[in-house]
Amino acid sequence: MEHVITGFKTIAPSIPYIINGIWVTLGIALGAAIIGFVLGILLSLCKIGNIKLLSGIARAYTSIFRGTPLIMQLALAYFAIPQLIGLNDVNPTTCAIVTFGLNSGAYMSEIIRSGINAVDKGQFEAASALGVGYWPMMKDIILPQAIKNILPAMMNEFITLTKDSAIVSTIAVTDMMRRSQIVSAEYYLYFPPMFVAFIMYYIVVLILTAVGGRIERRLSRSDQS
Amino acid sequence: MIKAEHVYKDFGSTKVLKDVSLDINKGEVVVIIGPSGSGKSTFLRCINLLEPPTKGSVLIDDQDLVSLKQKQVTKVREKVGMVFQHFHLFPHKTVLDNLIYAPMKVKKLSKDEAVKRAEALLEKVGLLDKKNQYPNKLSGGQKQRVAIARALAMEPEYMLFDEPTSALDPEMVKEVLDVIQSLAESGMTMVIVTHEMGFAKQVANKVVFMDDGRILESNTPEAFFSNPKTDRAKDFLKKIL
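Residues numbered from 1 in each chain as written. Chains lettered and ligands numbered in written order. Predicted model: local features only at pLDDT ≥ 70, side-chain atom pairs only at ≥ 80, totals over all residues. Heavy atoms only, no water.

The name given to chain B in an unreviewed UniProt entry is Amino acid ABC transporter ATP-binding protein, with the source organism recorded as Sporolactobacillus terrae.

Stated precisely, the cut-off is as follows: UniProt positions are given in the numbering used here, feature names are shortened, and annotations may be inferred rather than shown by experiment.
For chain A, an unreviewed UniProt entry supplies the name Amino acid ABC transporter permease and the organism Sporolactobacillus terrae. Among the UniProt annotations of chain A, the heading Subcellular location (unreviewed entry) holds the following wording: "Cell membrane".

So this is what it looks like as structure tokens:
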């Protein structure tokens, strides 16, 4: 037991460095979530639309991104594709955000699609009968209701992104995971730095879950259906 | 005027409408009655192309909707208001926002104009005090009156009513029928699908009896109710009156 405590004491000066890695982690998750959300809306509209080509593309996109490991996609985006097209310095953080965003878009599109499908068909009919066109109807009538239905699922997606972002450590982004590894190597002490990062991930996920629960309760209180 | 000519509608292998033709003149109130599953609601929905007919044509002021592109259909729909059995108010918008949304978005009215028009309509249906409420705070009868006001806010030339009182508690039916009645008296051209026979008698210029996807009778309410010609109509009236 004592050597564990000594271990924590030894790495103490590096603990803030590890913990501050959470901002990198959250930054990547947030950036990816925004890309994923916008892409998810576009893909879901393609999927439910009548244009066969677009819905086919959206379906294939989703299938590919959900059908391969995220770490594989990241490696492809960071190592393989830049070499193929002769790009030299790719910023790993940017690359991570874009890859995670593209990946998240696939999952998000399925969530949003189910949200749109859950909106009462009468809402489409009422809007159409008033002479409202397709796009304003989607933007003003359908999506606000759909997104409200799926907010809990989207919060889960964000939490998943936060956790999965740990794999950006494999492309040398100094997120919290990577920082715990760096500190481990520096002191040749694995348990203390990794435990710090481990606990920190869990605390952040608990906070995000609590925030999600609050939003959900507030929405159900002012439930306007 | 609205002119439906030889309208057929299939859902898969089910033939719901089989050669339905009907003229609705300006200022006329046409009430469509008939047993459940006779195709009345489907026919009503074919008039503004919520259900595109499988065959046949629907002319509104001499424009054949079936041949139009989606954008043009949307344009024609501005002239045709519709009221649904289950209201379909926009739940995330207040009563007032429900009324001003389409006039602002589609007719490009200024907010002031749209609000003025909406408030006048809410006054008319007796719900001005509810303008800032969300639909879930309203009773069924109130919801339906708001839905009627919402349709009227587009200043339509025609109104379609799809069983407007079928989802209401009995004590709320009258308040909605009163609104529709006063609308009829103001000269609005209307097509009403309903099971309220007393109301049909009172408000209709023409009663249309449908069964099994066809129009079997089309007559004045006096003639239809006192002297139905077909056995099917006699049987129907016997069961419900």
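Continuing now.
Description of the overall build of chain B
The condition that has to hold: Comment: elements are numbered from the N terminus, with helices defined as DSSP H or I runs of at least four residues and strands as E runs of at least two. Radius of gyration: over C-alpha atoms. The globule rule applied is 2.2 Å multiplied by the number of residues raised to the 0.38 power. Buried, partly exposed and exposed residues are distinguished by accessible area as a fraction of the type maximum, computed with a 1.4 Å probe on protein chains only: under 20%, between the cut-offs, and over 50%, respectively. We call two residues contacting when some pair of their heavy atoms lies within 4.5 Å. Each accessible area is a Shrake-Rupley result for a 1.4 Å probe, and residues are judged covered by the shown protein chains and nothing else.
A count of helices and strands for chain B gives nine helices and 10 strands. The C-alpha radius of gyration of chain B comes to 18 Å, within 12% of the 18 Å expected for a compact globule of 241 residues. Viewed in the frame of its principal axes, chain B has a C-alpha envelope of about 55 × 45 × 30 Å. Burial analysis of chain B (241 residues in total) assigns 56% to the buried set. When contacts within chain B are restricted to residue pairs at least 6 apart in sequence, long-range pairs at least 24 apart make up 64% of them. As presented, chain B carries roughly 10,500 Å² of accessible surface, and 48% of it is formed by carbon and sulfur atoms.

Details of the sheet that holds strand 9 (residues 206-211) of chain B
Pairing between sheet strands relies on hydrogen bonds along the backbone, with the strands arranged either parallel or antiparallel. Residues and elements named next belong to chain B. Put simply, the rule reads: One bridge is not enough; two strands pair if DSSP finds at least two bridges between them. Note on method: axes are straight lines fitted to C-alpha atoms, helices fitted across the in-contact stretch only, with angles between N-to-C directions ranging 0 to 180 degrees.
Sheet architecture is open: six strands sit in the order 6-7-8-3-9-10, paired in mixed fashion. Both outer strands of the open sheet, strand 6 (80-83) and strand 10 (214-219), are each paired with one neighbouring strand and no more. Each adjacent strand pair in this sheet contributes to an overall mean axis angle of 15 degrees, direction not counted. Bridge count between strand 6 and strand 7 (residues 158-162): four bridges; the pairing is parallel. The partner of Val80 across the bridge, within strand 7, is Tyr158.

Points about empty space enclosed by the protein
Left-over empty space is what a probe sized like a water molecule reveals as it rolls over the atoms. Rule in force here: Computed over the protein atoms alone on a 1 Å grid, cavities are sets of points where a 1.4 Å probe fits but cannot get out and pockets are open sets with protein on both sides within 12 Å along at least five of seven lines; a residue lines them when it has an atom within 4 Å of a point. Grid points are joined across faces, edges and corners, and a volume is the space filled by probe spheres set on the points. Just so you know the grouping, Ala, Val, Leu, Ile, Met, Phe, Trp, Tyr, Cys and Pro go in nonpolar, Asp, Glu, Lys and Arg go in charged, and all remaining residues, Gly too, go in polar.
Counted according to the given criterion, the structure contains one cavity of 30 Å³ or more. The computed volume of the largest cavity comes to approximately 50 Å³. Elements represented by at least two residues in the lining of the largest cavity include exactly helix 6 (121-129) of chain A together with strand 6 and helix 5 (140-152) of chain B. Among the elements that line the lining of the largest cavity, the one with the most residues is helix 5 of chain B, at three residues. When its residues are assigned to classes, the lining of the largest cavity shows seven nonpolar, one polar and one charged.

Considering the environment of Arg59 of chain A
Relative to the helices and strands, Arg59 of chain A is located in helix 3 (residues 52-66). Measuring from C-alpha to C-alpha, the distance between Arg59 of chain A and Ser109 of chain A comes to 9.7 Å, with 50 residues separating the pair along the chain.

Side note on the interface of chain B and chain A
A common way to report how large an interface is uses the accessible area buried once the components associate. Stated formally: What counts as buried area is the accessible surface, traced by a 1.4 Å probe, that two parts surrender upon association, with contributions from both included. Salt bridges are defined by distance alone: a side-chain nitrogen of Lys or Arg within 4 Å of a carboxyl oxygen of Asp or Glu. As used in this structure description, the phrase polar contact means that two N or O atoms lie within 3.5 Å; if the pair is within protein, one of them must be able to donate a hydrogen and the other to accept it, and residues adjacent in sequence are counted only when both atoms belong to side chains.
Chain B puts 24 residues into the contact, and the matching count from chain A is 22 residues. Buried surface at the junction of chain B and chain A, both sides included, amounts to about 1,900 Å², of which 61% is carbon and sulfur. The tally of links from chain B across to chain A stands at two salt bridges. Residues Lys105 of chain B and Asp140 of chain A are paired through a salt bridge, measuring 3.3 Å at the closest nitrogen-oxygen approach. On inspection of chain B and its partner chain A, the count reaches six residue pairs in polar contact (both at pLDDT 80 or more).

A word on the UniProt feature "domain: ABC transporter" (unreviewed entry) in chain B
Taken from the UniProt record, the annotation "domain: ABC transporter" (unreviewed entry) applies to residues 2-237 of chain B. Span residues 2-237 of chain B is 38% helix and 25% strand, its end C-alpha atoms 27 Å apart.

Quick look at the pairing of strand 7 of chain B
All names here are of chain B. Using the following cut-off: With the strands pointing away from the viewer, any crossover whose connection runs clockwise from the first strand over the helix to the second is right-handed.
When you tally the buried positions in strand 7, you get five out of five residues, the bulk of the element. Every second residue of strand 7 is oriented toward a common face, with Tyr158, Leu160 and Asp162 on one face and Met159 and Phe161 on the other, all of them buried. Examined bridge by bridge, strand 7 and strand 8 (residues 189-193) share five bridges and lie parallel to one another. Considered in strand 8, the bridge of Met159 is made with Met190. Crossover strand 7 to strand 8 through helix 6 (residues 170-185) is right-handed.

Some points on the UniProt feature "domain: ABC transmembrane type-1" (unreviewed entry) in chain A
Per the UniProt annotation, the sites labelled "domain: ABC transmembrane type-1" (unreviewed entry) are residues 22-212 of chain A. Along residues 22-212 of chain A one finds 83% helix and 0% strand; the C-alpha atoms at either end are 19 Å apart.

Quick word on the sheet that holds strand 5 (residues 63-64) of chain B
Residues and elements named next belong to chain B. Taken in spatial order, the four strands make up an open sheet running 2-1-4-5, and their pairing is antiparallel. Each edge of the open sheet is held by one strand with a lone partner, namely strand 2 (14-24) and strand 5. Here two bridges tie strand 4 (residues 55-60) to strand 5, and the two strands are oriented antiparallel to one another. Bridged to Ile60 within strand 5 is Gln63. Where helix 1 (residues 40-47) meets the sheet, its contacts fall on strand 1 (2-11), strand 2 and strand 4, and the angle it forms with strand 2 comes to roughly 60 degrees.

As for the confidence of the model for chain B
As a reminder, the rule being used: As a per-residue quantity, pLDDT reports the predictor's confidence and falls between 0 and 100.
Residues with a pLDDT of 70 or more make up 100% of chain B, whose mean pLDDT is 93. Two numbers describe this predicted complex: its pTM, 0.85, and its ipTM, 0.90.

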